[in-house]
Amino acid sequence: MANGSIAVPAEPKGKLVDFYKQESKHKGIWSWLLTVDHKRIGLMYLLVMIGFFLTAMTFGFLMRLEMLTPGATIMKPQTYNTLFTLHGVIMVFLFIIPGVPAVFGNFIMPIQIGAKDVIFPRLNLLSWYLYIAGGIIALISLFTGTGAADTGWTFYVPYSIRTTTNVSLTVFAAFVLGFSSILTGLNFITTIHRMRAPGMTFFKMPLFCWGIYGTAWIQVLATPVIGITLVLVILERTLGIGVFDPALGGDPLLYQHLFWIYSHPAVYIMILPAMGVVSDIIATFSRKPIFGYTPIAMSTLAIALVGYLVWGHHMFSAGTSDTSNVIFSLLTFLVAIPTGVKVFNWVASLYRGSIEVTAPMLYALCFIFVFSIGGLTGLVLGTLNTDIHLTDTYFVVAHFHYVMFGGMGILFFASLHYWFPKMFGRMYNEKVAKLACIIFVIGFNGLYFPMFIAGYLGMPRRYYDYLPEFQVYHVISTVGSWIMISGILLMFANLLRGLRQGAVAPANPWDSTTLEWTVPSPPPMENFEEIPVVTKGPYDREGLIESKVKHQLKH
């Protein structure tokens, strides 16, 4: 039996065929559309999500062009409102929330725990189809009814129940996407509980799997709340049931409570698996076990738990009571503690490590820098008096993007570079990948950092126009967006070139220690010829060295 804690190139007893070449009863495109293989489903998510991401990025690019000068530049106010709604809906519901769990959770997690697949493969395929259905409904909402929604991605009432634009269909799209998220969460929780390899206790799981596990619980428990809320918005618009509409005796503040009860934990759906990726990458490229494995694992669950209790900090200026504001402010500071535990342990893992700055490692290091700015500015917004000053300004926009795009976005790119050899069996150009990362991060900070200053000085968010004194910040931001997009396009071009012309990837190009690197690149259909038996921790490098010596002596 193989030892699950080592990561030398696999020595198959028979000839293993990778999952791309494995024959099935379905041929051609149907072998993908009807597949129940977790790896193919993960790749289908990846392909569609990149399409959605590039679409939303284009909307963001056009919005920044509009903001280059005061007054009308390239579009009218209604078009601007539509674009920022679509940019938010696509980015949040179709890319950021499902991104890491759906793509890398599907492809990598079952292999990391030594399983042949997820426990409910057909349910997994159904989740993908629900995701696609939600995306298609969102696109249909653009071209039907009385025009695309103009409410912003939060769909705040009472505006969302009174605007004549196509809000109901857009909201229904988000409702369908929620079902996809719930089913994926159920599948992952059950898979982790029931399909871990022999010997793999919870505390021998890679930290990426801990991130997926914590996220899956949030998906299952929090998503139904937003589902019910969105249905109520549709009923309010069509039947006038009077739940949220103050003119009918409803309470618009109730909508904000229900929306943020889901949407704040959703932040952790986005970031927890991504934080697991950082732990895996740092352990691999600092060539030493991760420092504080157990505190990092426990902090994942602590963030998932405390994250449920802080939604009220989005409503300090909405008229909630002073007592609740104080409590939510305190709880907001508490959630910073487990996050700080993670950052401390990552930095400690680097200390005295034999650090190799590859492209995935560079992205991970940039994440720590960028996310720390986002996290610290979150404390400014979690403080009652400063939040009142900064509410609904560009400061919030900057903080949101530093946490969301600077967190999940950068780590999505890091994951793509880290697991690219495993997923596609090819290597990319390392120098170009690093150059793209540097350009991207420079552009990112050029785009979003001026928004902190503009927001502090009073620039309101969601406004189509602005006073002349804010123009300098908008010009810097717009130029920053050009630099950032250049880095993103260079990154995708490099990966695409690697996919077509890159060198063949070995089973373990990074000398990593987790189970996915013990199988060939790309993996065979059922991942393992024999289910491994795990005897050591996921980041045990002594086992790797011993195994490499045995492997060399044998050959």
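Model, not experiment: these values are computed from the prediction.

Enquirer: Tell me what's going on with the pattern of salt bridges, and back it up with residues and numbers.
Expert: Considering all chains together, one arrives at six salt bridges under this definition. Asp 245 is the salt-bridge partner of Arg 162, the closest N and O atoms lying 2.7 Å from each other. One end of the pair, Arg 162, is in helix α7 (residues 159-162); the other, Asp 245, is in the loop between α9 (207-239) and α10 (252-285), with 83 residues separating them in the sequence. Exposure remark for Asp 245: the relative accessible area of 11% places this residue in the buried category.

Enquirer: Report on helix α8 (residues 167-194), specifying residues and quantitative values.
Expert: For α8, built from 28 residues, the straight-helix expectation of 40 Å at 1.5 Å per residue is met to within 8% by its first-to-last C-alpha distance of 41 Å. Counting buried positions along α8 gives 20 out of 28 residues, so the element sits mostly inside the fold.

Enquirer: Quick one: what's the story with the packing of aromatic side chains, residue by residue and with numbers?
Expert: Taken as a whole and assessed by the stated rule, the structure comprises 56 aromatic pairs. Arranged with centres 6.3 Å apart and planes meeting at 65°, the rings of Phe 53 and Phe 492 form a pair that is edge-to-face. Placement of Phe 53 in helix α2 (residues 38-66) and of Phe 492 in helix α17 (residues 471-501) is noted, with a sequence separation of 439 residues between them. Accessibility classification places Phe 53 together with Phe 492 in one group, the buried group. When the centroid spacing of 6.4 Å and the interplanar angle of 90° are considered together, the rings of Tyr 213 and Trp 217 count as edge-to-face. Placement of the pair is Tyr 213 and Trp 217 together in helix α9, with a separation of four residues, close to one helical turn. The exposure class of Trp 217 is partly exposed, given its relative accessible area of 35%.

Enquirer: Please give an account of the packing of α8 against α9 that cites residues and values.
Expert: Two packed helices can be described by the angle between their axes and the distance between those axes. Interhelical geometry of α8 versus α9 gives an angle of 155° and a closest axis separation of 7 Å. By the angle between their directions, the pair α8 and α9 is classed as roughly antiparallel. Crossing of α8 over α9 shows left-handed handedness. Partitioning the contact of α8 with α9 into residue classes produces 21 nonpolar, nine polar and one charged.

Enquirer: Now, about the environment of His 389: what can you tell me, with residues and values included?
Expert: Checked against the element boundaries, His 389 lands in helix α14 (residues 384-390). For the pair His 389 and Gly 458, spaced 69 residues apart in sequence, the C-alpha to C-alpha distance is 8.4 Å. Within polar-contact distance, the side chain of His 389 engages the backbone oxygen of Tyr 456 at 3.1 Å.

Enquirer: Go over the environment of Val 225, please, and point to the residues and values.
Expert: Assignment of secondary structure puts Val 225 in helix α9. Every residue in contact with Val 225, bar those within four places of it in the chain, is listed here: Leu 258 and Ile 261.

Enquirer: So what about the side chain of Ser 141? Which residues, and what values?
Expert: Topologically, Ser 141 is positioned in helix α6 (residues 121-143). The exposure class assigned to Ser 141 is buried, which follows from its relative accessible area of 1%. Non-local contacts of Ser 141, meaning those with residues more than four positions away in its chain, are made with Gly 147, Ala 148, Asn 166, Leu 169 and Thr 170.

Enquirer: Before we move on, could you go through unusual backbone geometry and cite the residues and values that matter?
Expert: The peptide bond linking Val 157 to Pro 158 adopts the cis configuration, its omega dihedral lying at 5°. Structurally, the position occupied by Pro 158 is in the loop between α6 and α7. Here the bond from Ser 521 into Pro 522 is cis, since omega is -5°, no more than 30 degrees from zero. The topology assignment puts Pro 522 in the loop between α17 and α18 (541-554). A positive phi angle is found at Arg 462, which is not glycine, with a value near 65°.

Enquirer: Which residues make up the nonpolar core, and what values do they have?
Expert: Core analysis: the largest hydrophobic core is formed by 178 residues, its most contacted members being Phe 367, Phe 413, Phe 440 and Ile 488. Looking at this core, the element that brings in the most residues is helix α15 (residues 394-424), giving 21 residues. Aside from chain neighbours lying at most four places away, what touches Phe 440 is Tyr 363, Phe 405, Ile 410, Phe 413, Met 484, Gly 487 and Ile 488.

Enquirer: Before we move on, can you summarise the state of the cysteines with the specific residues and values?
Expert: In the structure shown here, the tally under the stated rule is zero disulfides. Unpaired in terms of disulfides, Cys 366 finds its nearest cysteine sulfur in Cys 437, a separation of 4.1 Å. Residue Cys 366 is classed as buried on the basis of its relative accessible area, which comes to 15%.

Rules and cut-offs
The residue count restarts for each chain, going from 1 along the sequence in the order it is written. Per-residue local features are limited, in this predicted model, to residues with pLDDT of at least 70; the limit for side-chain atom pairs, both in listing and counting, is 80 or more; totals at the level of whole chains, interfaces and linings are taken over all residues. Each side-chain value is derived from all of the structure's non-hydrogen atoms; neither hydrogens nor water enter the calculation. For this document, the term salt bridge refers to a Lys or Arg side-chain nitrogen within 4 Å of an Asp or Glu carboxyl oxygen. Secondary structure elements are taken from DSSP: a helix is a run of H or I of four residues or more, a strand is a run of E of two residues or more, and numbering for both begins at the N terminus. Partly exposed describes any residue whose relative accessible area lies between the buried limit of under 20% and the exposed limit of over 50%, with all areas from a 1.4 Å probe on protein chains only and scaled to the type maximum. For a helix, the expected span equals 1.5 Å multiplied by the residue count minus one. Here is the rule: rings of Phe, Tyr and Trp (six-membered ring for Trp) pair when centre to centre is within 6.5 Å. Planes less than 30 degrees apart are stacked, more than 60 are edge-to-face, and the remainder are tilted. Whenever a helix is involved, its axis is fitted only over the stretch in contact; in every case the axis is a line through C-alpha atoms, and angles between N-to-C directions fall within 0 to 180 degrees. By definition in this entry, angles of less than 35 degrees are roughly parallel, angles greater than 145 are roughly antiparallel, angles of 65 to 115 are roughly perpendicular, and the rest are oblique. Throughout, a crossing is termed right-handed when the near helix is turned clockwise from the far one, and left-handed when it is turned anticlockwise from it by less than a right angle. Residue type decides the class: Asp, Glu, Lys and Arg count as charged, Ala, Val, Leu, Ile, Met, Phe, Trp, Tyr, Cys and Pro as nonpolar, and the leftover types, Gly among them, as polar. Counting of polar contacts relies on pairs of N or O atoms within 3.5 Å, with two restrictions inside protein: one atom must be capable of donating a hydrogen and the other of accepting it, and residues adjacent in sequence are counted only when both atoms are side-chain atoms. Note on contacts: a residue pair qualifies if any of its non-hydrogen atoms lie within 4.5 Å across the two residues. Within this scheme, the nonpolar core is defined by two criteria: the residues are buried Ala, Val, Leu, Ile, Met, Phe, Trp, Tyr or Cys, and they are joined through side-chain atoms within 4.5 Å. Note that a disulfide, as used here, is simply two cysteine sulfur atoms within 2.5 Å.

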